[in-house]
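Structural features, examined
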Amino acid sequence: MKWIKAFFILLYRMWFYILVAVPIIVLFPLLLVSTLREKFYPFFFKLARLWAKIILYGMGFYPIVKRLQRLQPQKSYMLVANHTSMADIMLMLAIVKKPFVFVGKKELAKFPVFGFFYKRTCILVDRKNTKSRQDVFYRAQRRLKQGNSICIFPEGGVPDDLSLVLDSFKDGAFRLAIEHKIPVVPMVFYDNKKRFSYSFFNCSPGKMRVKILNFINTGDLKQADKRALREKTRSLILESLQKDDFKKY
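Residues numbered from 1 in each chain as written. Predicted model: local features only at pLDDT ≥ 70, side-chain atom pairs only at ≥ 80, totals over all residues. Heavy atoms only, no water.

- Naming follows an unreviewed UniProt entry, where the protein appears as 1-acyl-sn-glycerol-3-phosphate acyltransferase of Haloflavibacter putidus.
- UniProt annotates the protein under Catalytic activity (unreviewed entry) with the comment "a 1-acyl-sn-glycero-3-phosphate + an acyl-CoA = a 1,2-diacyl-sn-glycero-3-phosphate + CoA". (UniProt positions renumbered as here; feature names shortened; annotations may be inferred.)

**Section: the packing of aromatic side chains**
- Applying the stated criterion across every chain, the model contains 17 aromatic pairs.
- Three or more aromatic residues joined by ring pairs form one cluster here, namely Tyr41, Phe44, Phe45, Phe100, Phe102 and Phe153.
- When the ring centre of Phe196 is taken as reference, the NZ or CZ atom of Arg13 above it lies at 4.4 Å. (Phe/Tyr/Trp six-rings, centres within 6.5 Å; stacked < 30°, edge-to-face > 60°. Lys NZ or Arg CZ within 6 Å of the ring centre and 35° of its normal.)

**Examining helix α1 (residues 2–26)**
- In this model, α1 (25 residues) spans 36 Å end to end at C-alpha, consistent with the 36 Å of a helix rising 1.5 Å per residue.
- The secondary structure elements touched by the buried residues of α1 are α2 (28–34), α3 (41–58), β1 (61–67), α4 (88–95), α5 (114–121) and α8 (192–196). (Helix = DSSP H or I, 4+ residues; strand = E, 2+ residues; numbered from the N terminus. Expected span 1.5 Å × (residues − 1). Contact = heavy atoms within 4.5 Å.)

**Remarks on the pattern of salt bridges**
- Evaluated as defined, the whole model comprises 6 salt bridges.
- We note a salt bridge from Arg209 to Asp191, for which the minimum N-O separation is 2.8 Å. In this pair, Arg209 sits in strand β7 (residues 206–212) while Asp191 sits in the loop between β6 (184–189) and α8, placing the two residues 18 residues apart along the sequence.
- A relative accessible area of 15% places Arg209 in the buried class.
- Of the charged contacts, one joins Glu239 and Lys243 as a salt bridge, the two residues approaching to 2.9 Å between their closest N and O atoms. Here the residue Glu239 and the residue Lys243 both occupy positions in helix α9 (residues 226–243), the gap between them amounting to 4 residues, near one helical turn.
- Taken together, the shared-partner salt bridges connect Asp171, Arg230 and Glu231 into one network. (Salt bridge = Lys/Arg side-chain N within 4 Å of Asp/Glu carboxyl O. Buried < 20%, exposed > 50% of the residue type's maximum accessible area, 1.4 Å probe, protein only.)

**With respect to a nonpolar patch on the surface**
- A surface patch of nonpolar side chains, amounting to about 950 Å² of accessible area, comprises Met1, Ile4, Phe7, Phe8, Leu10, Leu11, Met14, Phe200 and Phe201.
- With respect to the helices and strands, Ile4 occurs in helix α1. (Patch = residues over 30% accessible without salt bridge, like charges linked within 9 Å, V, L, I, M, F, W, Y side chains within 5 Å. Areas by Shrake-Rupley, 256 points an atom, 1.4 Å probe, with all protein chains shown as cover.)

**Topic: the environment of Lys211**
- Along the chain, Lys211 turns up in strand β7.
- Given a relative accessible area of 1%, Lys211 falls into the buried group.
- Each C-alpha atom, one on Lys211 and one on Leu31, is 30 Å from the other, the two residues being 180 residues apart in sequence.
- Here Ser240 takes part through its side chain, which lies 3.2 Å from a polar atom of the side chain of Lys211. (Polar contact = N/O pair within 3.5 Å; in protein donor to acceptor, adjacent residues only side chain to side chain.)

**Describing the sheet that holds β6**
- Here 7 strands make up an open sheet; going across it, the order is β1-β7-β6-β2-β5-β3-β4 and the pairing mixed. Edge positions in the open sheet fall to β1 and β4 (123–125), since each of these has one partner strand only. Taken over all neighbouring pairs, the strand axes of this sheet differ in orientation by 25° on average, direction set aside.
- Pairing of strand β3 (residues 100–105) with β4, which is carried by 3 bridges, proceeds in the parallel orientation. Bridge pairing links Val103 to Ile123 in β4.
- Across the face of the sheet, α4 comes into contact with β1, β2 (78–81), β3, β5 (149–152), β6 and β7 while running at roughly 120° to β6. (Pairing = 2+ DSSP bridges. Axes fitted to C-alpha atoms, helices over the stretch in contact; angles between N-to-C directions.)

**As for the nonpolar core**
- Within the largest apolar cluster, 81 residues are counted, with the highest numbers of intra-cluster contacts made by Met78, Met92 and Met187.
- No other element matches the 9 residues that α3 contributes to this core.
- Setting aside residues no more than four positions away along its own chain, Met187 makes contact with Leu79, Val80, Ala81, Asn82, Met92, Ile95, Val96, Lys211, Ile212 and Ile237. (Core = buried A, V, L, I, M, F, W, Y, C linked by side-chain atoms within 4.5 Å.)

**Considering the UniProt feature "transmembrane region" (unreviewed entry) in the protein**
- With numbering matched to this structure, UniProt assigns "transmembrane region" (unreviewed entry) to residues 12–31, 43–65 and 77–96.
- Split by type, residues 43–65 is 70% helix and 22% strand. Its first and last C-alpha atoms lie 24 Å apart.

**Focus: the environment of Ile25**
- Positionally, Ile25 belongs in helix α1.
- A relative accessible area of 55% means that Ile25 is categorised as exposed.
- The spacing of Ile25 and Phe114 is 89 residues in sequence and 9.6 Å in space, taken between C-alpha atoms.

So this is what it looks like as structure tokens:
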């Protein structure tokens, strides 16, 4: 019985990668054109959202969103969430309609097919390289001026310890938010670890609940406040995860 279960889980995980690759191949001409210039990014973002929804619904994942506050079309934001799954990127794309740009580690650019467009549209950072971290701020500033928001998973990666509810946060997202005076939008992904974690046997179709918490304004903050902002954001997300208070709203 154990081997039968493992076989079906293997097929399920292989299906995920098929769903990642096939829409990109089918949409390749449109995706390529949409990445030729940064001003075409809103069109690329619509295609990316379509790609994300194909993957989520194709895997049997059903996003359910509770919003304590709504994003305004004409404003830019810093979107942050806990990071536990390869599906986090797709879920973020599926639930946020306003164009945003991911800031992510450069290693993801090595993935076949996906990596080609990832490095053309996202802001890549090499956390071991000081100059790379500094370049992120200049590139983010340019994208914000174009009317986009920024998305960062502030844990910096998926924790190796799957029992860990929420890892410590890095400073980058909060330094950017304060520098550009944009609100921080804390988001809680409750089920992604259970639905599709990096552990082979932790996967199953079902609900993916998301709660968008009240925004944290940064207009009066200075860089000296970034640690307090970081810890406040982390505490809000951690408290929601520990209480699993999704049903209250």
